[in-house]
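The residues making up each chain are set out below.
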Amino acid sequence: MQEHIINGSTKVCGLLGNPVEHTMSPLVQNYLARVTGHNRVYIPLPVKADLEAAVKGAEAMGFLGCNVTVPYKSQVIPYLSEVDELAAQIGAVNTLVRTEQGWKGYNTDMPGLHRAMMEDGVEIAGEKIVILGAGGVARAVALLMARNEAKEIYLMNRTVEKAEAIAAEVNAKAGRPVVKAMALADYMELPSGKYLAIQATSVGMHPHTEEAVITEEAFYEKIHTGYDLIYNPADTKFMQLVKAHGGKAYNGLKMLLFQGIIAYELWNDTKITKEQAAGAYEVLAAGVERGVK
Ligand code: NAP
C-alpha cells in the first residue's frame with residue numbers, strides 16, 4: 001500500500017455534523033485513498049452552528065466532496081444546487097458532490113444497505129419483509145424495499161402511530177399498498193410464511209448487548225434471514241436469536257462500509273474493487289473492536 005502523503009495537490013473531503021468525534025468514516029475514506037493511490041484526505045468537520053456557512057465554505061475552499069451526518073441530513077438540502085432523485089424521495093442527504101453549479105446531494109445510506117445485502121446474497125424482490133422500528137432509518141429502509149419489488153412489508157413499531165405515518169407515505173410514493181403498519185406486540189398476527197427481518201431499532205446496541213426488541217421464540221420461527229442494522233456488537237442478541245432458530249443473520253457493518261465506498265466512488269469517479277472493499281471492511285471492523293464508534 002502507498003504511503004499517505006499530504007501535499008499542495010491533496011484534495012480534501014470532510015464530514016459535516018455534530019458531534020463527529022466518534023466517526024469511523026475517516027478510517028474508511030483515508031484507507032481507500034491509500035489503496036487507490038488517489039491524493040486525498042478526509043477529515044471530520046464539527047459544525048456547531050451555521051450549516052449554510054459551512055456548506056458554502058467547503059465549496060469556496062475547493063473541497064472535493066463532503067459527507068453529512070446527524071443532525072444535518074435534511075437541514076442541508078436547502079443549501080444544495082441539486083438533489084438526486086432517491087435522496088429527494090428519502091428526504092435525507094449524506095453525500096455532497098461538486099458540480100459546476102455548487103453541491104449535488106445524494107443519499108448513499110440506502111444504496112449502501114442494498115449493496116451490502118447483494119454482497120451477502122440477501123434478496124429483496126418477491127420477499128415478505130418485516131421491518132422492526134419506525135425511526136428515520138426504518139422509514140428509508142421501507143422505501144428501499146418498496147422500490148426494489150418487495151412483495152409485502154410489515155412495519156412494526158412500539159409506537160404504532162409512527163409506523164402508520166410511514167406506511168401511508170411509502171405506499172403513496174410506491175404507488176401500491178405494499179407497507180402495512182403493526183404494533184411490535186402483535187407479531188403473532190403476521191400472516192403465515194417465512195420473512196426477511198430488518199432490525200432498525202436502537203435496541204441491542206452496545207452496551208445493552210443482551211437486549212433484543214422482540215425476545216419471544218415464536219417470532220424467530222417466522223424469520224429465514226435477519227439483518228440487524230446495528231454493528232456494535234458484531235453479533236447482536238437479535239442475530240443470535242435468528243441463528244438459534246435456523247436463520248441466517250448479518251450485522252450493519254457492511255451497510256456502513258458501502259455507504260462510504262459509494263461516496264468515495266461518486267467523488268472520485270472510480271469503482272472500488274472487491275479486494276479494496278474487503279480491506280476497508282477489515283479496517284472498519286478493527287475500529288469497532290477498538291471502541292471507535
Ligand atoms: P431513531 O429515529 O431514533 O429510531 C429508533 C427506533 O427504535 C424507533 O422505532 C423506536 O421506537 C425504537 N426503539 C427505541 N427503543 C426501543 C425500545 N426500548 N423498545 C422498542 N423499540 C424501541 O433511530 P434511527 O436513526 O432510525 O436509527 C436506528 C438504528 O439504525 C440505530 O440505532 C443504528 O443502530 C442503526 N443505524 C445503522 C447504520 C449503519 O450504517 N449500519 C446507519 C444508521 C443507523 P419508538 O418509535 O416507539 O420510540
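For the structure itself, consult the block above.
Residues numbered from 1 in each chain as written. Predicted model: local features only at pLDDT ≥ 70, side-chain atom pairs only at ≥ 80, totals over all residues. Heavy atoms only, no water.

Draft legend 1. Region of interest: the overall build of the protein chain. Helix and strand counts for the protein chain stand at 10 helices and 12 strands. The C-alpha radius of gyration computed for the protein chain amounts to 19 Å, which stays within 12% of the reference 19 Å derived for 293 residues, consistent with globular compactness. Seen through its principal axes, the protein chain has C-alpha atoms that stretch 60 × 40 × 30 Å. The long-range fraction of contacts in the protein chain, counting pairs at least 24 apart against all pairs at least 6 apart in sequence, stands at 72%. Taken as a whole, the protein chain presents about 13200 Å² of accessible surface, with 52% of it coming from carbon and sulfur. (Helix = DSSP H or I, 4+ residues; strand = E, 2+ residues; numbered from the N terminus. Rg over C-alpha atoms; globule rule 2.2 N^0.38 Å. Contact = heavy atoms within 4.5 Å. Areas by Shrake-Rupley, 256 points an atom, 1.4 Å probe, with all protein chains shown as cover.)

Draft legend 2. Highlighting the sheet that holds strand S12 (residues 248–250). In spatial order, the strands read S9-S8-S7-S10-S11-S12; together these 6 strands make up an open sheet with parallel pairing. Edge positions in the open sheet fall to strand S9 (179–183) and S12, since each of these has one partner strand only. Sheet twist, expressed as the average angle between the axes of neighbouring strands with direction ignored, equals 20 degrees. Bridge count between strand S7 (residues 128–132) and strand S10 (residues 195–199): 4 bridges; the pairing is parallel. Across the sheet, the residue bridging to Ile131 is Ile198, located in S10. This element, helix H6 (residues 160–174), spans strand S8 (152–157) and S9 of the sheet and lies at about 180 degrees to S9. Running over the sheet, helix H8 (residues 237–244) touches S7, S10, strand S11 (223–228) and S12 and is turned about 165 degrees from S11. (Pairing = 2+ DSSP bridges. Axes fitted to C-alpha atoms, helices over the stretch in contact; angles between N-to-C directions.)

Draft legend 3. Representation of the pattern of salt bridges within the structure. The tally for this structure, following the rule as stated, stands at 11 salt bridges. With its nearest N and O atoms 3.0 Å apart, the salt bridge here joins Arg115 to Glu265. Note that Arg115 is positioned in helix H4 (residues 109–119) and Glu265 in helix H9 (residues 253–268), a separation of 150 residues in sequence. The same class applies to Arg115 and to Glu265, which are both buried. In this structure, Arg139 engages Glu169 in a salt bridge whose closest nitrogen and oxygen atoms are separated by 2.8 Å. Note that Arg139 is positioned in helix H5 (residues 136–147) and Glu169 in helix H6, a separation of 30 residues in sequence. (Salt bridge = Lys/Arg side-chain N within 4 Å of Asp/Glu carboxyl O. Buried < 20%, exposed > 50% of the residue type's maximum accessible area, 1.4 Å probe, protein only.)

Draft legend 4. Examining the environment of Met182 more closely. Residue position: Met182 is located in strand S9. Put simply, Met182 and Val41 are 141 residues apart on the chain and 45 Å apart in space, counted from C-alpha to C-alpha. Residues in contact with Met182, not counting those within four places in the same chain, are Tyr154, Leu155, Met156, Asn157, Val160, Ala163, Tyr187, Glu189 and Leu190.

Draft legend 5. Region of the structure containing the sheet that holds strand S6 (residues 103–106). Across the sheet, which stays open at both edges, the 6 strands sit in the order S2-S1-S3-S5-S6-S4 with mixed pairing between neighbours. Every interior strand has two partners, whereas the edge strands, strand S2 (40–46) and strand S4 (82–83), have only one. Inspection of the sheet shows strand S1 (residues 11–17) paired to S2 by 7 bridges, in the parallel sense. Residue pairing in the sheet places Cys13 in a bridge with Tyr42 of S2. Running at roughly 10 degrees to strand S5 (residues 95–98), H9 makes contact with S1, S2, strand S3 (65–68), S5 and S6 of the sheet.

Draft legend 6. A look at unusual backbone geometry. Looking along the chain, the bond that leaves Asn18 and enters Pro19 is cis, with omega of 5 degrees. Here Pro19 shows up in the loop between S1 and helix H1 (25–36). Between Val70 and Pro71 the backbone carries a cis peptide bond, its omega angle lying at 5 degrees. Tracing the sequence through the fold places Pro71 in the loop between S3 and S4. Of note, Asp50 is a non-glycine position whose phi angle comes to about 55 degrees, a positive value.

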